[in-house]
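# Examination of the molecular architecture
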Amino acid sequence: GRGLAVRSRLFLSTFAIDRSTDGERLSVMFLRDPDFLDPVSAVLVDSTSFADTVVAELGYDADKFVVQRNTVDVARRGRTDATGVGVALPLRVFWAGRFDLPKRLDVFAGVAAEARARRMPVEFHFYGLEVMGDPTLASTLASLERSGAVRHPPFSTFVDLPLDDYDAYVMRSEWEGIPLSVLEAMAAGVPVVAPLVGGVGEVLDETT
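Everything quoted here is computed from the prediction, not taken from an experiment. (Residues numbered from 1 in each chain as written. Predicted model: local features only at pLDDT ≥ 70, side-chain atom pairs only at ≥ 80, totals over all residues. Heavy atoms only, no water.)

Glancing now at the environment of H152. Among the structural elements, H152 can be located in strand 8 (residues 150-152). In sequence terms H152 and F126 are 26 residues apart; their C-alpha atoms lie 6.1 Å from each other. (Helix = DSSP H or I, 4+ residues; strand = E, 2+ residues; numbered from the N terminus.)

Here it is, written out as structure tokens:
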């Protein structure tokens, strides 16, 4: 780092604290020398929440972190009318992402199972593909099938999804920065249901 910094400005980018399958917290910001960031011009992050966490927990200098907000270019969807949804029509919700540990498709499956047990008028749809590996994926997919959730093929971009067909986007991640899918859904005018992990609460609240 010090040698490179003589002739170059160095930047790092990171956005979340992960965990391993056995529950250990993981981050590129862990297990470093005390002067690890001295030759670095800035650490680029997408949420204030992450910067605050590593400063408070690891003692890094807050001035080293620069919050770079992501933007999305998504047109508003055509559908705006929710008349009859949940009464004459079932509520149609969808999940979209990669089938990996942090995305917690298993939690979405649990929601679908509970809704089915309660005979709630809700349809569940999900899009995606296994990318990095989740040891519980087979049982999660079986649970979704039992609950009547509809599996769709993988998608190229979020805006390729039939957003007019759905009443809400459900994200169940265990850790995130500020997910692009949340920004894209909100930009398109799709209501979002998500846990307040990472920087989600910086864009999503009870009124927005």
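From this point on, the discussion continues.
We now examine the confidence of the model for the chain. On average, residues of the chain score 91 in pLDDT, and 96% of them reach the 70 mark or higher. Within the chain, strand 2 (residues 18-19) has the poorest average pLDDT of any element, 88, and strand 5 (residues 65-67) the best, 97. (pLDDT = per-residue confidence, 0-100.)

Quick look at the packing of aromatic side chains now. Scanning all chains against the criterion turns up twelve aromatic pairs. Aromatic side chains F36 and Y60 sit 6.5 Å apart centroid to centroid with 55 degrees between the ring planes, which places their arrangement in the tilted category. Taken together, the residues F36 in the loop between strand 3 (25-26) and strand 4 (40-45) and Y60 in the loop between helix 2 (48-58) and strand 5 connect sequence positions 24 residues apart. Among the residues examined, F36 registers a relative accessible area of 22% and is labelled partly exposed. Ring geometry for F158 versus Y169: centroids 5.4 Å apart, planes at 80 degrees, classification edge-to-face. With F158 in the loop between strand 8 and strand 9 (168-170) and Y169 in strand 9, the pair connects residues that are eleven residues apart, well separated along the chain. When sorted by exposure, F158 lands in the same class as Y169, which is buried. (Phe/Tyr/Trp six-rings, centres within 6.5 Å; stacked < 30°, edge-to-face > 60°. Buried < 20%, exposed > 50% of the residue type's maximum accessible area, 1.4 Å probe, protein only.)

Among the structural elements, E57 can be located in helix 2. One polar contact links E57 to R25, side chain to side chain, over a distance of 3.2 Å. (Polar contact = N/O pair within 3.5 Å; in protein donor to acceptor, adjacent residues only side chain to side chain.)

A separate point is the sheet that holds strand 10 (residues 192-193). Taken together, the five strands give an open sheet; going across it, the order is 8-7-6-9-10, and neighbouring strands pair in parallel fashion. Each edge of the sheet is formed by a strand with only one pairing partner; in this case those strands are strand 8 and strand 10. Relative to strand 7 (residues 122-129), strand 6 (residues 91-98) runs parallel, the two being bridged by eight bridges. Looking across to strand 7, one finds that R98 is bridged to L129. Across the sheet, helix 3 (residues 105-117) touches strand 6, strand 7 and strand 9, and the angle it forms with strand 7 is around 160 degrees. (Pairing = 2+ DSSP bridges. Contact = heavy atoms within 4.5 Å. Axes fitted to C-alpha atoms, helices over the stretch in contact; angles between N-to-C directions.)

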